[in-house]
Amino acid sequence: MLKRTHTCGEPRATHAGNTVTLCGWVNTYRDQGKGLVFLDLRDRDGLCQVVCDLEDAPPHVVAAARSLRREDCIAVKGLLRKRAGDPNLKLATGEVELLAAEIEVFNKAIDLPILPDDHDAPKINEEIRLKYRYLDLRRPSMQKILRERHRVLQYTRQYFSGQRFTEIETPLLIKSTPEGARDFLVPSRLHPGDWYALPQSPQLFKQILMVAGCERYFQICRCLRDEDPRADRQAEFSQIDLELSFVDRSDVMDVMSGFVQGLWKEMLGVDVPTITRMTWIDAMNRFGSDKPDTRFGLELHDISALAGKCGFKVFDEALAKSRLGKSGCVKAIVVPASMGQLTRKMTDSYADFVKTFKAGGVAVTKISATGTFETGIAKFVEPIAAEFKAALNAQPGDTILMVADHWEIAVKAAGELRLKVADDLKAVPAGMWNFLWVIDFPMFDFDEEGNRWVAMHHPFTSPNPDQFDLLESNPGACVSAGYDMVLNGSEIAGGSIRIHRTDVQEKVFKLIGLTQEDADRKFGFLLSALRHGAPPHGGMAFGLDRLVMHLCGTNNIRDVIAFPKTQSGGDLMIDAPGPVDDEQLKELHVRRAVTQKAPA
RNA sequence: GGGGUGGUAGCUCAAUUGGUUAGAGUACCGGCUUGUCACGCCGGUGGUUGCGGGUUCGAUUCCCGUCCGCCUCGCCA
């Protein structure tokens, strides 16, 4: 077997005159006639042109060269020389070529379903790419992503190790805690009728590691949530999971800010300035989102006070609504003329768009060149024109979009509309890295259906230090010590200071409707651990896949995972999930409730 | 679970709105080509139009069902 002396990306003019062996895949094959064949040989480092001079070569080399086709895996040995023809400036190795004296064919490739050319990738259906992932991953762009992901992992270990964090593994087979996301379940063979759950996160284990005196823990771990995927969400994903003892919220946020600043410098050479903080209520009121994209304007204005004066029925009805002490409201977005014009077709489509988020519709009006209101609800606004313009600081040519409803619905719908408008008008600037901390989340949201409070973050999140009294007196107003890190409108990390006292933890469990019995059964080990001298602690978890997505400039999470799953949780390459034998089920003490599909 | 969208040659797409033998590029096969480099030129193989029904003289096209991919709402403590 020929052993390579260089990678395909390496050869330069300085190597000319050496005998070189390259290994790789035939990227292209260019037959020039009786005497001359070119091929580009590709490995993970790049491309190098191989030339076969068939007049001088021995017959078996000629035969081998003639038989080569795309994606055959070969080795070529020969003289590396400066190109006889013009150099190819598009290739790093474009000044040289390898004159084949010996060719070893490791393996031929049969007819290819897809070609691993970068320029083909966006055109090919993902279904096919996922089925033949081993070919898809041969693309230089995919190879690059895999290696960028590796660099992120390397930097992560280096940074946190440098901050005296210890990498500790936690179990994959744990028990189900039906709070939060749906668990993946695994039947136990040794305990008939019992089930393991796969972890949604190592949350409780890392807290217990703090009780265990580890002080600073991290883990790069797989987490599993049996929920429907999205473009930026997989059921099986990776987290950079962290926990620290003897810290308050700012201590954690400082360490984590340092991490992303270092990571962006390392990966992109970008200096990320001090990451600013925004309270949740500010984020919701100004951006209609708990993960605001601050790269562009279009902030939400609250015009509830004015809206009540204009006699527009929809506004009056919305303002009369009330939920959890919050009155209904009217939110307005001023789309400045300078940002571009919204067509009638666009504004018409926004009504259906906001209905997705349970809002009734969008009220539209526009300020004409002469300063009068025109179109939409102009006649209602005209009587309060001066106040209205002043409140919004609106100028001639501006379009005003308004959403009215319950506060939650109005801000959510207006926030989504804001993103939609920015996208439609291409108003999101490229090349910006807007990091942001969102803090002071409510501890609880009220679930009308279940008639109970539910933890907004998770039930181990501590209230802010000055908020403990509110836990009992006014849970709806109680603000937590949680914090999310947001990048360009995407949540890339979340965490909190945890409850480290049993009495507080029990209060929270009680508030979310867990009886003492439930709490003991599900989380008794945590309550017990907290009783044994638990230190104050808090932590964070980064979504690794999303970090890599941002760093690689893709908005498809499957691009940054070597073997991702589809929207229905399938792996198209190995055809999972799949059927199992009756014998296997018997061992697991599991009986079928549905007839299983015949194996494909 | 809901909404949207797509499925035609190995791959990417087309088919004049229901009408003759379903076309093109690419890949593949054959021939030509001694400086190409996403080589070029000539020729060729290749189709259960996702699957199952229905309407019709006739269905890629219309209808019903179903499967699969993608986007999205719900969901994601």
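Criteria and thresholds
Residues numbered from 1 in each chain as written. Chains lettered and ligands numbered in written order. Predicted model: local features only at pLDDT ≥ 70, side-chain atom pairs only at ≥ 80, totals over all residues. Heavy atoms only, no water. Helix = DSSP H or I, 4+ residues; strand = E, 2+ residues; numbered from the N terminus. Buried < 20%, exposed > 50% of the residue type's maximum accessible area, 1.4 Å probe, protein only. Areas by Shrake-Rupley, 256 points an atom, 1.4 Å probe, with all protein chains shown as cover. Lys, Arg positive; Asp, Glu negative; His and termini not counted. Charge placed at Lys NZ, Arg CZ, Asp CG, Glu CD. Pairing = 2+ DSSP bridges. Contact = heavy atoms within 4.5 Å. Axes fitted to C-alpha atoms, helices over the stretch in contact; angles between N-to-C directions. Phe/Tyr/Trp six-rings, centres within 6.5 Å; stacked < 30°, edge-to-face > 60°. Lys NZ or Arg CZ within 6 Å of the ring centre and 35° of its normal. Near = heavy atom within 4 Å. Polar contact = N/O pair within 3.5 Å; in protein donor to acceptor, adjacent residues only side chain to side chain. Nonpolar A, V, L, I, M, F, W, Y, C, P; charged D, E, K, R; others polar.

K.L.:
I keep staring at the overall build of chain A and nothing clicks. Help me out?
P.N.:
Scanning chain A from N- to C-terminus turns up 18 helices and 24 strands. Overall size of chain A, expressed as C-alpha extent along the three principal axes, is 90 × 75 × 55 Å. By residue count, 48% of the 600 residues in chain A fall in the buried class. Looking at chain A as shown, the accessible area adds up to about 29800 Å², and 52% of this sits on carbon and sulfur atoms. The averaged location of the 82 negative side-chain charges in chain A is 2 Å from the averaged location of its 75 positive side-chain charges.

K.L.:
Before we go on, may I ask you to explain the sheet that holds strand β18 (residues 399–405) in this structure?
P.N.:
Through backbone hydrogen bonds, the strands of a sheet pair up, either in parallel or in antiparallel fashion. On the basis of which strands lie adjacent, the open sheet formed by five strands has the order β12-β15-β18-β16-β17 and antiparallel pairing. The open sheet is flanked by β12 (300–302) and β17 (373–374), the only strands paired with a single partner. Bridge count between β12 and strand β15 (residues 329–335): three bridges; the pairing is antiparallel. Pairing of Asp302 across the sheet is with Lys331, part of β15. In this fold helix α13 (residues 407–424) packs onto β12, β15 and β18, with an angle of close to 150° to the strand it touches most, β18.

K.L.:
Sorry, what's going on with the packing of aromatic side chains here?
P.N.:
Centre distance and the angle of the planes are the two values used to describe a pair of aromatic rings. In this structure the tally under the stated criterion is 22 aromatic pairs. Taken together, a centroid distance of 5.5 Å and an interplanar angle of 75° make the contact between Trp264 and Trp433 edge-to-face. Taken together, the residues Trp264 in helix α6 (residues 249–268) and Trp433 in the loop between α13 and β19 (435–439) connect sequence positions 169 residues apart. Members of the aromatic cluster, connected to one another through ring pairs, are Tyr155, Tyr159, Phe160, Phe165, Phe218, Phe259 and Phe542. The ring of Tyr29 is capped by Arg69, whose NZ or CZ atom sits 4.9 Å from the centre of that ring.

K.L.:
Just to check I follow, could you spell out the protein's contact with RNA strand B for this structure?
P.N.:
Neighbouring RNA strand B are 52 residues; Asp31, Glu55, His119, Gly180 and His457 lie closest to it. Within 4 Å of the protein, the atoms of RNA strand B are drawn from sugar and phosphate moieties in a proportion of 55%. At 2.6 Å, a side-chain N or O of His119 approaches a base nitrogen of RNA strand B. When residues of the surface near RNA strand B are traced back to their parent elements, those giving at least two are β1 (19–31), β2 (36–43) and α2 (126–131). The residue inventory of the surface near RNA strand B, partitioned by class, reads 13 nonpolar, 17 polar and 22 charged.

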